[in-house]
Amino acid sequence: MGDFEELVRTAAPSVEALIPAEPAAELGRHTVRRSPDRFSGGSVAQQALHLFPGLIAERLLGALELGVARLDLTAPAHVVARLRPLPDGSSFMLLSANGQSAMTTPMSMVNAVHPGAADLVVDQVRALLPDLGDVTGDEAAIAAKRGAAHLAVAVVVSRAVLNALGTPTAADPAAAIGIAIGAIAEVLPDVPMPAAYEQAVLEKRRAEYRGSSWSTTVPVFDHEFVFAEEAAFPGTDFTATGLVAAIDTGFAVRTGIAEGTVPVSVRVVLDEPGEPDLADWDEVAETSFAARRGDARFGHGGMPPWPGEFRVRVHAHGRDGDDDESHHLLIWPAPHAEPLVHKKTDRVGHRLRGEPEPARAAAPEAALRWLPALLGAAATVTVVTGVADVDGFGPDAITAEVDGGVVVLELDGFAGTERAVLERLSRNGRAASHFWNGNGDRCLSFARAGRVLVSREPWEHTNFGDDPEVVAALAGLDFDAWRHKEAKGVTAVTRFTGVVLPQDDLTAVIRERVSRWEG
């Protein structure tokens, strides 16, 4: 051990004792590397300090400043021998700004008066890093030890090198501390974490985990997608449930589409959930699976970070191709149990389970799903009979004559919901409208012979009265299910008025008008 190394090792513990645990831990976790090709003024230490959180650096300065001022250490002459003082008669200029760190100007002064001194400190720190291979504890303790031990070495090196230069500029404790923090911010990202740190991080994540939920879009290969720790080949046997099956380190879900992507929402809970939600899904099934390590990734979320037995309840919709396909996964820790099928209504599931395929009638609103999809997040569809000229709508409303009546389409408008407008439009026949917006607000209205029969927000238990024609218009439309509520509202409108909406003609009119607005 050289004389300078012995000096550093001897003095570092007393400096380390001055460093608070919290900012030390932040320094110990620092992983941001300085980009060598990024232009930035100042020494390497100054550039690296700019990438370290300023408030943490100021806390370290406050904790160390008085102690470093009393630190009477001088590096041997051979350590600083290559540094040359600024020639007599030299001049330089420094710029400062309000709110800058108390370390900025002292560090800049050292760079100007003693060129290369800060870089020498970085080199010496890199050569004298402490050995922390046997450090143990929780994540915060290991990070704090890593930050404090390395910073203590850097502070001693910086103070000793600057003291050896023998100038008032170099004697400023703020300069020594700033250069030390910058040196560690430069060096630490390339220093491996202590061996115990990875396990400590995992234990911290496990202790803090409270469940998670997210939505994503996942790739499908050969009619399935996989949520597992390791990649799996297609060809899973779905006979038991027709929907989901356990595989090594996770599970696979059988899709309706053969290739492409499907939207999937995921919720991970830590307690057993209640009864399954069946209303909005064609198939619901669950199975057990085992996580080998935990933390399997799926989109931008993942499994709990521990191994063990889990249960997944899979909800599927649209696998028969009669609607947009989507899935929901509900996952929780649970002992192994036999697979369960809670709901089975689609043909894909029956076919996979070896059961006779059911005859499934198309949903009553299926034929009109195209219109809300074309109109977007906020619109009103109004259909009128018995009146050729309609008024009361804004200049941007799209009006089109169709077989049996007139349809008015408002994008981001709602005049068709107003009582006075509906009364006037229905004076010689009928008028009905359905409004929706991006906030989830809706209004379904029916008028006949100049009188509004009912105008309400459609929900499962909404009372629309007992008018036979209104009752017939709503028959079979499930407003409790969240999918395609706008198409259901438009379906009720067309049923009440008896008007058929031609898809090709209206699509052309809407696109032409939208392109005119955008142009």
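This is a predicted model, so every value here is computed, not measured.

### Concerning the sheet that holds strand E11 (residues 340-344)
- Spatially, 6 strands are ordered E1-E5-E10-E9-E6-E11 in an open sheet, and the strand pairing comes out mixed. Both outer strands of the open sheet, strand E1 (212-220) and E11, are each paired with one neighbouring strand and no more. Strand-to-strand twist across the sheet, computed as the mean angle between neighbouring axes with direction ignored, equals 25 degrees.
- Bridging between strand E5 (residues 260-268) and strand E10 (residues 326-333) involves 5 bridges; their strand directions are parallel. When the bridges of E10 are listed, serine 265 appears paired with histidine 328.

### Looking at the layout of surface pockets
- What the largest pocket holds in volume is close to 440 Å³.
- Lining of the largest pocket is provided by 23 residues; of these, Asp282, His317, Arg360, Ala363 and Glu365 occupy positions nearest its centre.
- Considering only residue class, the lining of the largest pocket consists of 8 nonpolar, 4 polar and 11 charged.
- By volume, the second largest pocket is sized at about 330 Å³.
- Where the lining of the second largest pocket is concerned, the elements lending two or more residues are helix H11 (370-375) and helix H14 (485-497).
- Counting residues per element, the lining of the second largest pocket draws most heavily on H14, which supplies 3 residues.
- The residue inventory of the lining of the second largest pocket, partitioned by class, reads 6 nonpolar, 4 polar and 8 charged.

### Considering the sheet that holds strand E2 (residues 224-228)
- One open sheet accounts for 3 strands, arranged E2-E4-E3; its pairing is antiparallel. Of all strands in the sheet, those bounded by a partner on one side alone are E2 and strand E3 (244-247). The mean angle between the axes of side-by-side strands here comes to 25 degrees, regardless of whether they run parallel or antiparallel.
- Inspection of the sheet shows E3 paired to strand E4 (residues 250-254) by 4 bridges, in the antiparallel sense. Looking at E4, one finds that valine 244 is bridged to valine 253.

What counts, and where the lines are drawn
Residue numbers restart at each chain and count upward from 1, following the sequence in its written direction. Where totals are concerned, whole chains, interfaces and linings use all residues; where local detail is concerned, this predicted model gives features only for residues with pLDDT of at least 70, and gives and counts side-chain atom pairs only at 80 or more. Values reported for side chains reflect all heavy atoms of the structure, with hydrogen atoms and water molecules removed beforehand. Should DSSP find at least two bridges between two strands, the strands are regarded as paired. Every helix listed is a DSSP run of H or I at least four residues long, and every strand listed is a run of E at least two residues long, numbered separately from the N terminus. Angles run from 0 to 180 degrees between N-to-C directions of axes, and those axes are lines fitted to C-alpha atoms, restricted for helices to the stretch in contact. Space inside and on the surface of the protein is sampled on a 1 Å grid over the protein atoms alone, with a cavity defined as a set of points where a 1.4 Å probe fits but cannot get out and a pocket as an open set with protein on both sides within 12 Å along at least 5 of 7 lines; lining residues have an atom within 4 Å of a point. Grid points are joined across faces, edges and corners, and a volume is the space filled by probe spheres set on the points. Charged means Asp, Glu, Lys or Arg here, nonpolar means Ala, Val, Leu, Ile, Met, Phe, Trp, Tyr, Cys or Pro, and polar covers whatever is left, Gly included.

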